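# Summary of structural features
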Amino acid sequence: MDRINVPPAGPMDLPLSLLEMGCSGRFELITHPVPDQPLAPQSTLPHGLPPTSLSLETEVEKQFLRDAAWLPIHDTDFAFQKFLKVTEREVNVNSLIHCSPSALHSGVSVVRDPTTGMLLDFTEVLLENTSLSAKNSLSFQRQPGPPEESLRGSNTNYPFLPGGMEELTLEQIKKKSELEEEIDFENDLLRVPPGLKAGMDFTDKEAKIAKAEVNLMSLLSTLDITDLQPEAEDKEESKGSEEAPKLPRTNSLEDLGVKDVVAPCDDFYKRIPNPAFKWPFELDVFQKQAVLLLEAHDSVFVAAHTSAGKTVVAEYAIALSQKHMTRTIYTSPIKALSNQKFRDFKQTFGDVGLLTGDVQLSPESSCLIMTTEILRSMLYNGSEVIRDLEWVIFDEVHYINDAERGVVWEEVLIMLPDHVSIILLSATVPNALEFSEWIGRIKKKHIYVISTMKRPVPLEHYLYTGNSTKTQKEMFLLVDPTGNFLTKGYYAAIDAKKERTSKHAQSFGTKGTSHNTSASQDRSVWLTLLHFLSQRQQTPVVAFTFSRTRCDDNARSLDSMDMTTSIEKAEIHSFFQKSVSRLRGADRQLPQILLMRDLLKRGVAVHHSGILPILKEVIEMLFSRGLVKVLFATETFAMGVNMPARTVVFDSIRKHDGTGFRNLLPGEYIQMAGRAGRRGLDATGTVIILCKAGVHEMGDLHVMMLGKPTTLQSQFRLTYTMILNLLRVEALRVTDMMRRSFSENHRDTQASESRISQLKKTLSSLPPLDNEGQLSDMLPYYHTVTELRTTTEALQRAILESVNGLKALSVGRVVVVNNKQHLNALGVSNDSVNRTFTALVICEKGNEEEEGKGNNNSFPHLYNTALFIPEGPCSHTVQKLKLQDISAITVKTLKVIPDRIIDNYSKRQQPRFRLDPPGQAISTTTQELLRLAEANPSGMAALDPVNDLQLKSVDVVEDTMRLRFARVQDRMGVQEELDRLLFLVSDQSLSLLPEYHQRIKVLQSLQYVDSSGAVQLKGRVACQISSHELLLTELLFENVLSPLAPEESAALLSCLVFTQKTQVEPHITNTLQEGIDRVLSVAKRIGELQRECEIPQTAEEFVGQFKFGLTEVVYCWARGMPFAEIAQLTDVQEGTVVRCIQRLDEVLKEVRQAARIVGDSVLGSKMEKASLAIRRDIVFTASLYTH
C-alpha cells in the first residue's frame, strides 16, 4: 500500500485519534494528544511480525543435547557412551507406536430447500467403505492417494479393477459360504499360518467356540434369488460370443457389436445438432458413423486406409471429453508420432499434455499423449488419472504384431477399467472383426467396427526401367487405380529391359544379372527418374530404401540435382538456422548437420534411425511444408510419421528382417505405398518400383501388391514384470490375464459353458445306476475296459506307425480287421501303398459291400478277441484298409498272388461278370483264412508281445446285463465329454500355463516371490523396472554398481539399451572391464537358472542380448566430451547413439527408484549424478514439436 502523507493538524482539527488495542479488534479514543507528535500511534503492537523463535543456540541445545532421541543407543564407542550419560536422555516409548488416524465414519450433508435452494440444515451421514485405500482395494470407492502419486501411481498401489474381471456374484458368494460352513472349529485347524515357517501350539482345549447358529447366506439360499439378477446376463451373452441362445437372433454381426458400415448417415445433423467439434470440411460416412457412436459413448475400431482421416475420430473424442470435463489418453507406439500428435492437438485444443520416457509436459491436461508403456505402468500402479478417464485412443493398432512390444497393447487392453471406452485406429487389417470380438468378449461391451472400402486417393503402381536420358520415359502401369493387375505392362517392362541387356551383352560379353547394382548404375537410375518426375511435377517423392547406408549413398550421389527455387532455398535456410540455433556452438558444426544442410537446400533429405532426432524433425517439418522434394527414407518413416507425398518410389522390394532377405509382405508394402497421394491435392497417388537389375518376378509383385495385409496376431508372452505386478495384488491372477489374451481368443468359453450346462442336464435326466449287489463292480469294470481299449488302440497305433510294423504288413501277412463292417475278421494283406492296405477279408455271404448292415447292434464291442467265423457260407471281399482298421498283425503269413486276387476281384465287380465263381487264387486264400479262424476261435497270437493282456472274452450274452451295461456306457459317455469340456474351460488348458510355472520357478529360486507366491523385496524392486528386470535387480542386490563412479555405472548400464552390432572395439578402464565381467557372470547365472527351469532360451542367447559396444561412448559422454568427438569413437550412427543415451536415462531413473525402495541412498544419488551427467547438449535438446 502506498503511504498517505497526512498534513499536520491545523487549528480547526479536533485532537482525536484512534488506538488499536492488541490484535482483538478493540479500539480506544485518545483525546489528549502528545504535544510533540502530530498524530498518535495507531496501534499498541510494534509493526512487523512478532519474533517467532528463541535464539538458535537454545534451540540446538534443546534439540540435540537435552533430548537426544535422534542418537542411536547401540553405539559401542566409549566417548559416546559417556556423552549419553551426561545428556540423561529421556526415553519416550510411545513415540515408537505410530498409528495413522482411522478415517471418519461420517460426513456432513446439506439439506436445501427444494424450490429456492437455500441452506436449511446440516445432517450427519454415515460413510461406507472408509477403510478402502490404494493399498488394499481395486475399487473406485477408495480414497485418492497423495497428490505426488496421482499421475504415475506408485508401485505399492493396487490397480483399479480391470473391466470384464467382474466382482463376485451372489452365486459365488453362496458357494463360498457353503464351504465356510463346513469349517470344524474343534479339529483340523491350521497350526502354522500360510507363509510362516513355524506356528503356535493350541494344546489347551478348554475354550470352545460356539458355531454360528444362523448363517445369513443359508437363509438367503432358501429364498429364490433368480429375480434379483437383472437382464445384464442376457446382454453379456450377445456381446461376447456368437452363441446367444436367449436373444432373438436378428443378425449375428449386429449382436457381436460389429456394425455394418454401409448405412449412410443422412440424419447426421438432426441427431447431433450441436457437435462437440466442427471441421471445416464435410465428414465422410465412416467418420459420421464413428462420431454418432462416440456420442453414444460406445467403443469403436476404425480400420481405415492411410490418409482416410482417422484422426477425425480421435479429435472428436478429445473434444467430447473436454465438453464432459473428463480426460482422454492418446497412445501411440512411437515417440516421434507422440511428439507430432502433441503439436497437432495442441494447436487444435490447447489443453494437451505429453508423457514420454524423458519428457513430461503439462500432465494435468484433459488430453494426455503418451507411449503405451507409460499407460501400462499407470494402470498397474493405480494412477488417479484413470478415475477421470473417458476415452483411450490406440493409434496404429496394427503395431500389436510387433514381436517385442505387441504384448504391451494386450496388457493395456486387458487392464483398462470398465468405464473407459476404447477407440482403436488402425490401417486396414483383414481380421478386424475377430480382434474386436476378442475385445468385446474380455471387456463385455460392444465394439463397433467401422472400415473404409477404398482409399480416398486411389493409387497407380508402375514399373520403371529407365536409366538414362534416352530411356527416361520407360514407366509401365502395372496396377490401375481400380486395382486390376495389368500383365501387358509387366511384359512391356520386360521387353524394354531385355532389349537393353541384349545390346549390352553383345558388346561386352555376357554377364550374369545379379540383384545388386553398382553405385554408378544406381546414381544414373535415380538421376533419370527424379529428372523425369520433376518434369511431370510429381514431387514430393518418398524413396523407400531398406538400408541406412544405401539411403545416405543415394542422397550423396545426387550432388548435381537441384530441385528448389531461390525463394524455397531462403525459406529452408531460415527454418534450418532457427531450429539449429537451439544447439550449442560446437554441436552446430557436426558433420551430419552440415551435410544435411547442403542436401536440404537442394530439396533432398534422408530420414532413418541413424539421423539425429532434431534433424529428423527439421526434415519432417520441411517435408510436410512441401520444401523437401526427395526424401530417402527407411521403413520407419511409413510407420511413425503421418506425412503423405505425391509419389512413392521403392528402391527394391526385398528387405533384411534381422534373419535374412525376403520380399516385402503385402501389409508392409501397403503401409509404405499408402504414403502416396495427398488428400485434396492429388487425384491419384503414384507408386513406382524400380527395376534396376532386372524386372521382379510377376508372382512376387502380384502377391505383394494385391495380397492380403498381415492379420493382427497375438504377440502375447509372459514377462517377469507382468507376473510380479499381478502377484502383488491378491485379487488379480496371472491366469486371468493369460485367459483374456488375444492368443487364447480361440477358446470359445461361453459356447463350451453352455454345452457344459446342457451335458449336466442330460446327466441328471439319465436314469440312476443300480449298481447294487452283484452289479457293484460294473463301474470299475467299465473303467478297466475303457482303459484297456484306449491302451490297446494307442499300442496298435504305435506298432503300425513304426517301421517294423509297416514292414510286417508285407504281402501275405494275415491280419485281424476291425471296422464298421467287420468284427475281428481275418484278412490277408495284398499290397501296401502310403499306409493304406489292400486286403482280402472273409465275411458272411451278403456282407461283401461296405454299406452292408455291419455290426450295427446297439452295443459296440468293448474288448473281444474271439475271431469272426461266418455262420453261413463263407464269402470274401477285397478292401482298402486304413491303419486304424487293423487291430492286430498275427504271426501267420500265407502265400498269395496279389495281382491275380485284385484283378479277379475287380473283374467280378463289373455287372456282366458279377455271377462268375471266384478265381483259383481267391478261393484258396479264403479257404486258408477260414481254416485259420476255425483253428484259433479265441484269437490268434499277434506279433506284439505286449498283447499278453489276453483278456478272455467276456461273455455278455444275457440281455439284462447288456442293457444295464449300455446304461453305464451312456452315462459315462456324457461324463467323459463333460470332463473334456471342463478341462478346456479350466486354466489347465492355457497354452502358456507350463511357461508360467517355469517362470514362477525361476522367480522362487531367485527369491523374488516366496513359496506361497507372495512378492518379496526383490520382487518389489523388479516391478519398478520395465525391461531386463531380472538382470538389473540382481546387479542391484549384488552391489555391482556400488564400487563404480557415476559415469562408469552409466556406461555399464548402456548394455541394456544398445541392441546393434558394432565393429569397433571399445577402449575402457579396468574397473569398467571388471564391471562388464560381473554383469556377464550374473547374466550367465540367470540364463543357466532359466535353462534349469526349462525356459526355452539357452544361457548363451540370454547373455547375448547384452551388447557392450557403446560403453566407451557413454563413458566419455558422461565425462563431458563433446558430441563431435564421441561420434568419432564408434561406427554406430549419431541418431542411434542419441536414442541409446536417451533410453539409458530412463533406465537410470528406474534404478534410482529401485535403489530408493531398497534404501540405498548412496546408489540413488549416484544414479541421479549419472543421469545429470548425460542429460546435456544435443542428446537432450527438446523436440521441435513440443515448443
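Residues numbered from 1 in each chain as written. Predicted model: local features only at pLDDT ≥ 70, side-chain atom pairs only at ≥ 80, totals over all residues. Heavy atoms only, no water.

### Here's the deal with the overall build of the protein chain
- Per the secondary structure count, the protein chain includes 41 helices and 26 strands.
- Looking at the protein chain residue by residue over its 1187 residues, the buried ones come to 44%.
- Across the protein chain, every contact between residues at least 6 apart in sequence was considered, and the portion connecting residues at least 24 apart equals 71%. (Helix = DSSP H or I, 4+ residues; strand = E, 2+ residues; numbered from the N terminus. Buried < 20%, exposed > 50% of the residue type's maximum accessible area, 1.4 Å probe, protein only. Contact = heavy atoms within 4.5 Å.)

### A look at unusual backbone geometry
- A positive phi angle is found at methionine 325, which is not glycine, with a value near 65 degrees.
- Among the residues examined, methionine 325 registers a relative accessible area of 74% and is labelled exposed.
- Of note in this structure, glutamine 1007 is not a glycine but carries a positive phi near 65 degrees.
- The residue glutamine 1007 is located in the loop between helix 32 (993-1005) and helix 33 (1017-1023) in this model.

### Looking at the nonpolar core
- Counting residues in each nonpolar core, the largest one holds 210 residues, and the members touching the most others are Phe301, Phe394, Phe435, Leu600, Phe650 and Leu701.
- Per-element accounting of this core gives the leading share, 10 residues, to helix 40 (residues 1134-1158).
- Non-local contacts of leucine 600, meaning those with residues more than four positions away in its chain, are made with Ile572, Phe576, Ala605, Val618, Ile619, Leu622 and Val628. (Core = buried A, V, L, I, M, F, W, Y, C linked by side-chain atoms within 4.5 Å.)

### What to know about the packing of helix 35 (residues 1046-1053) against helix 41 (residues 1161-1174)
- Two elements in contact, helix 35 and helix 41, have axes whose closest approach is 8 Å; the angle formed by their N-to-C orientations is 80 degrees. Here helix 41 runs roughly perpendicular to helix 35, going by the angle between their axes. For the pair formed by helix 35 and helix 41, the contact residues are Pro1046, Ser1049, Ala1050 and Leu1053 on the first element and Lys1166, Met1167, Lys1169 and Ala1170 on the second.
- Residues that form the contact of helix 35 with helix 41 fall into these classes: 5 nonpolar, 1 polar and 2 charged. (Axes fitted to C-alpha atoms, helices over the stretch in contact; angles between N-to-C directions. Parallel < 35°, antiparallel > 145°, perpendicular 65-115°, else oblique. Nonpolar A, V, L, I, M, F, W, Y, C, P; charged D, E, K, R; others polar.)

### Brief notes about the pairing of strand 5 (residues 299-303)
- A large share of strand 5 lies buried, amounting to 5 of its 5 residues.
- With burial as the criterion, each face of strand 5 is covered, one bearing Ser299, Phe301 and Ala303 and the other bearing Val300 and Val302.
- Both strand 5 and strand 12 (residues 447-451) contribute to a ladder of 5 bridges, which runs parallel. When the bridges of strand 12 are listed, valine 302 appears paired with isoleucine 450.
- Here 4 bridges tie strand 5 to strand 11 (residues 421-426), and the two strands are oriented parallel to one another. When the sheet's bridge partners are listed, alanine 303 is paired in strand 11 with serine 426. (Pairing = 2+ DSSP bridges.)

### Quick notes on the pattern of salt bridges
- Applying the stated rule across the entire model yields 23 salt bridges.
- With a shortest N-O distance of 3.7 Å, aspartate 344 and arginine 343 are connected by a salt bridge.
- By relative accessible area, which is 30% here, aspartate 344 ends up partly exposed.
- A salt bridge links lysine 629 to glutamate 568; the nearest nitrogen and oxygen atoms lie 3.1 Å apart. Of this pair, lysine 629 sits in the loop between helix 20 (613-624) and strand 17 (630-633) while glutamate 568 sits in helix 17 (residues 566-580), and the two are 61 residues apart along the sequence.
- For lysine 629, a relative accessible area of 12% corresponds to the buried category.
- Within this structure, Glu635, Lys655, Arg662 and Glu668 form a network of salt bridges that share partners. (Salt bridge = Lys/Arg side-chain N within 4 Å of Asp/Glu carboxyl O.)

### Considerations on the sheet that holds strand 15 (residues 541-544)
- If you walk across this open sheet you meet the 7 strands as 14-13-21-18-15-17-16, and the pairing is mixed. Either end of the sheet is taken by a strand with one partner, and the two such strands are strand 14 (475-479) and strand 16 (604-607). Here the average twist between neighbouring strands, direction ignored, is 25 degrees.
- Alignment of strand 13 (residues 459-464) against strand 21 (residues 685-690), held across 6 bridges, turns out to be parallel. Looking at strand 21, one finds that leucine 463 is bridged to isoleucine 689.
- Across the sheet, helix 20 lies against strand 15, strand 16 and strand 17, angled at about 130 degrees from strand 16, the strand it touches most.
- Strands strand 13, strand 14 and strand 21 of the sheet are contacted by helix 23 (residues 698-706), whose axis makes an angle of about 60 degrees with strand 14.

### Thoughts on the environment of aspartate 979
- Residue placement: aspartate 979 occurs in helix 31 (residues 959-985).
- According to the relative accessible area criterion, aspartate 979 is partly exposed, its value standing at 41%.
- Residues aspartate 979 and isoleucine 756, spaced 223 residues apart in sequence, show a C-alpha to C-alpha distance of 8.9 Å.

### Overview of the sheet that holds strand 8 (residues 360-361)
- Judged by pairing direction, the sheet is mixed, and its 8 strands sit side by side in the order 8-7-9-6-10-11-5-12 without closing on themselves. In this open sheet, the two edge strands, each paired with only one partner strand, are strand 8 and strand 12.
- The sheet strands contacting helix 9 (residues 311-323) are strand 5, strand 6 (327-332), strand 9 (367-371), strand 10 (389-394) and strand 11, and the helix crosses strand 10 at an angle near 165 degrees.

### Side note on helix 12 (residues 406-415)
- Here helix 12 lies mainly inside the structure; 10 of its 10 residues are buried.
- When we look at burial in helix 12, the residues that qualify are Gly406, Val407, Val408, Trp409, Glu410, Glu411, Val412, Leu413, Ile414 and Met415.
- Against the buried residues of helix 12 lie helix 11 (372-380), strand 10, strand 11, helix 13 (432-443), helix 24 (720-727) and helix 25 (734-740).

### Side note on the environment of arginine 1156
- Here arginine 1156 lies in helix 40.
- Residue arginine 1156 is classed as exposed on the basis of its relative accessible area, which comes to 61%.
- On a C-alpha basis, the gap between arginine 1156 and valine 1021 in space is 9.3 Å, while along the polypeptide they are 135 residues apart.

All we've got here are geometric facts, nothing functional implied.
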